[in-house]
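Analysis of the macromolecular model
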Amino acid sequence: MLILGIETSCDDTAAAVVRDGTRILSSVVASQDAIHGEYGGVVPELASRRHIEDIIPVVEEGLKRANVKMDDIDAIGVTQGPGLVGSILVGLSFAKAVSYVKGKPFVGVNHLEAHPLAVFLEEEGEKKEVPEFPFVALIVSGGHTALLSFNDFIEYRVLGQTRDDAAGEAFDKVAKLLGLGYPGGVAIDRIARDGDPEAFAFTRPYIAKGNLEFSFSGIKTAVLNVVKGLERKGPVERLPDETVKDLAASFQEAVVEVLVTKALWALDKTGSVNLVCAGGVACNSRLRTRLDEMARDKGIRLFIPPTHFCSDNGAMVAAAAYHMVKKGIRGELSMNARPSWQQG
Ligand code: KG4
Ligand code: ZN
């Protein structure tokens, strides 16, 4: 079954053609980083306008690279939420219009449920090991942090999620206050390599032993307080580069330690030895290393998609849509965007 997957929940316009939920025929992502960079974060109105400009060329490019026509597509999967309402509406309205005109079924996909399914995607010539069910998914994105236990492709229960800032949001906010620009996660990742992760002792927000919820707003405030304290000592135009690197490394270490520890607690709780990590923050090199070490030490089977399928893409949406369509789920033209769609 050929699925066209469309993703416009935030600031990437993405489309992909995927066969049977695994085989990627094409994946195209038009990033808006350059537009939002100068504002230090995503400007929703600019994002939706750019999606409107990009959606048709991106889908056309996706079909072209897959060497298929819209008539060859069996169904369309589109992100219905969560995310920015104006952005979601562009992809959703486009999918509905194509569905109506071409008489193709479409389904509205929960973006966060789609992220972990990226581990099942295979590129040309690739044959991958995949996780067995049940597996634990650690989803770390710009808008959400969650631990889910998957019993089947789109069947899962929520073990814990963010109480306040998501991991990616904390990365982006800390990067902004350190003057590193947007998007911040990748900038922190890069400079933290030259910093001392023990230079600043940020408290790890575990909430309670065994607790699987997340709270990252306190670490962000702690970084802000350190920066203010340093500036009070002697007002400077900007902090010394070494201090910024140490702050980035110390902040990153604290966040990563909490994520890795809670993933392990979730595995203990569910009795599973299969862990999937996905979402934009799963691109983080320190998180990948620490998860690898944990997996080796504890005999865990770890699955992390390649970085281009950790961040937002249409292929993961197509993978989720495939399993929904197979289960008989169908979207309706009256369906609306679900910007605050909760999992579960
Ligand atoms: O999943 P995603 O592409 O979009 C959402 O669904 O939100 O995640 C984007 C988030 C941003 O907060 C971005 O700063 C973060 O992922 N991110 C990273 C890295 N690359 C992207 N965070 C830490 N380290 C990275 N290398
Ligand atoms: Zn995402």
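Our structure's up above, just so we're on the same page.
Residues numbered from 1 in each chain as written. Chains lettered and ligands numbered in written order. Predicted model: local features only at pLDDT ≥ 70, side-chain atom pairs only at ≥ 80, totals over all residues. Heavy atoms only, no water.

What follows covers helix α8 (residues 241-270). Spanning 30 residues, α8 covers 43 Å between terminal C-alpha atoms, matching the ideal 44 Å at 1.5 Å per step. Here α8 lies mainly inside the structure; 22 of its 30 residues are buried. Just beyond α8, the residue with positive phi is G271, at close to 75°. (Helix = DSSP H or I, 4+ residues; strand = E, 2+ residues; numbered from the N terminus. Expected span 1.5 Å × (residues − 1). Buried < 20%, exposed > 50% of the residue type's maximum accessible area, 1.4 Å probe, protein only.)

Moving on, we get to the side chain of K262. Along the chain, K262 turns up in helix α8. Despite being buried, K262 has no salt bridge partner; E213 is the closest side chain of opposite charge, sitting 7.4 Å away. Once you skip the residues sitting within four places of it in the chain, K262 turns out to touch L147, P205, Y206, I207, N211, L212, E213 and F214. (Lys, Arg positive; Asp, Glu negative; His and termini not counted. Salt bridge = Lys/Arg side-chain N within 4 Å of Asp/Glu carboxyl O. Contact = heavy atoms within 4.5 Å.)

Among the nonpolar cores identified, the biggest contains 50 residues, and F251 and L275 are the most heavily contacted of them. Within the residue set of this core, elements represented by two or more residues are β6 (135-140), α5 (167-177), α6 (184-192), α7 (217-233), α8, β9 (274-278) and α9 (285-298). Not counting chain neighbours up to four residues away, the residues in contact with F251 comprise A170, F171, V174, I188, F202, I219 and V223. The next biggest cluster of nonpolar side chains, apart from the first, holds 35 residues, and it includes V107, A118, Y156 and F303. (Core = buried A, V, L, I, M, F, W, Y, C linked by side-chain atoms within 4.5 Å.)

Next up on the list: the side chain of E7. Position of E7 among the secondary structure elements: in strand β1 (residues 2-7). The side chain of E7 sits in the buried core without any salt bridge; R338 is the nearest counter-charge, 14 Å away. Only 2.8 Å separates the side chain of E7 from the side chain of H111, close enough to count as a polar contact. Setting aside anything within four residues of it in sequence, one finds E7 in contact with D12, T13, A14, T79, H111, D312, N313, G314 and V317. (Polar contact = N/O pair within 3.5 Å; in protein donor to acceptor, adjacent residues only side chain to side chain.)

In this section: the site of ligand 1. Residues in contact with ligand 1 amount to 18 residues; listed here are only the nearest, G142, D172, D189, G280 and D312. Contact distances for ligand 1 include 2.6 Å between an oxygen atom and a side-chain N or O atom of D172. In the complex, 87% of the free accessible area of ligand 1, which totals 550 Å², lies under the protein chains. Among the residues forming the shell around ligand 1, the class breakdown is 4 nonpolar, 11 polar and 3 charged. (Near = heavy atom within 4 Å. Areas by Shrake-Rupley, 256 points an atom, 1.4 Å probe, with all protein chains shown as cover. Nonpolar A, V, L, I, M, F, W, Y, C, P; charged D, E, K, R; others polar.)

This part is about the environment of K102. Tracing the backbone shows K102 in helix α3 (residues 85-102). Accessibility expressed as a relative area gives 39% for K102, which makes it partly exposed. Distance from K102 to M70, taken between C-alpha atoms, is 8.1 Å for residues 32 residues apart in sequence. For K102, the contacting residues outside a window of four places in its chain are M70 and D71. Here the side chain of K102 touches D71 through a polar contact of 3.3 Å, side chain to side chain.

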